[in-house]
Amino acid sequence: MEKKAKKKIFTVITLSMVLWIYSHDHKYSSNYEVLDDIAYARYENGNIYIGNEEYINSLIDISEYDILVVDERNSSDPNFKIINSYRITDKDTRNDIICAICDYNSEYPCDYYRSVESMRLEWFIHNVSYNLHYEVDRSRDVDFEISEEDDYDSKVLSKLFKL
């Protein structure tokens, strides 16, 4: 086969793959609610608790499906840290938790910003790392640090992984 023909076939296949990826977006529909309770929000399987480390450590009677989010926005590198984030493998559940964090950040404003897309990608990469047993102590929890916004702000990778 000629080089030109191979190049055309490669271009058509690559373009077809890109178009397929972009045309098959995952549609997220929120399934959580903000509460007026000890827990900040409730998602399909449990409660989402958000607060400083002292508050999170004071909680009792939490279930294995409850989500603990440490608000570390007053630290030297502001972030929200999701404890044992590796356990959440369903992307809609991850999206519910990320959206609850965004709601919390709006309700209790602070000089903190992370895009939803960058948080989705960082969490996904943490889970992949944890499942590959790569730096499990670091990948067990995900922390959405402001300083990492640019590292994980990739619409192409988000589309590729259908996050």
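Nothing here was measured: the structure is a model prediction, and the numbers come from that model. (Residues numbered from 1 in each chain as written. Predicted model: local features only at pLDDT ≥ 70, side-chain atom pairs only at ≥ 80, totals over all residues. Heavy atoms only, no water.)

## Notes on helix α4 (residues 116-131)
With 16 residues, α4 should cover 22 Å at 1.5 Å per step; its first-to-last C-alpha distance of 23 Å lies within 8% of that length. Residues of α4 that are buried: Ser-118, Met-119, Arg-120, Leu-121, Glu-122, Trp-123, Phe-124, His-126, Asn-127, Ser-129 and Tyr-130. The positive-phi residue at the C-terminal boundary of α4 is His-133, with phi of around 60 degrees. (Helix = DSSP H or I, 4+ residues; strand = E, 2+ residues; numbered from the N terminus. Expected span 1.5 Å × (residues − 1). Buried < 20%, exposed > 50% of the residue type's maximum accessible area, 1.4 Å probe, protein only.)

## A closer look at the pattern of salt bridges
Enumeration according to the criterion identifies five salt bridges in this entry. Ionic pairing is found between Lys-81 and Asp-141, a salt bridge with its closest N-O pair at 3.9 Å. Of the two residues, Lys-81 is situated in strand β5 (residues 79-82) and Asp-141 in the loop between α5 (136-139) and β6 (142-143); the sequence distance between them amounts to 60 residues. The exposure class of Lys-81 is partly exposed, given its relative accessible area of 27%. Across the salt bridge formed by Glu-122 and Arg-114, the nearest N and O atoms sit 2.8 Å from each other. Here Arg-114 falls in the buried class, since its relative accessible area comes to 4%. (Salt bridge = Lys/Arg side-chain N within 4 Å of Asp/Glu carboxyl O.)

## Observations regarding the pairing of strand β3 (residues 46-51)
For a regular strand, side chains alternate in direction, first toward one face of the sheet and then toward the other. Most of β3 is tucked away: six of the six residues are buried. Counting the residues between successive antiparallel strands, the hairpin from strand β2 (residues 41-43) to β3 contains two residues. Where β3 and strand β4 (residues 67-72) come together, four bridges link them in parallel fashion. Each residue of the ladder has a partner; that of Tyr-49, found in β4, is Leu-68. Regarding the hand of the β-α-β motif, the stretch spanning β3, helix α2 (residues 53-58) and β4 is right-handed. (Pairing = 2+ DSSP bridges. Right-handed = clockwise from strand over helix to strand, strands pointing away.)

## Some thoughts on unusual backbone geometry
Phi angles above zero are rare outside glycine, and Asp-61 is one such case at about 55 degrees. Note that Asp-61 resides in the loop between α2 and β4. In this structure, Glu-135 is a non-glycine residue whose phi angle is positive, near 45 degrees. Its place among the elements puts Glu-135 in the loop between α4 and α5. A relative accessible area of 36% means that Glu-135 is categorised as partly exposed.

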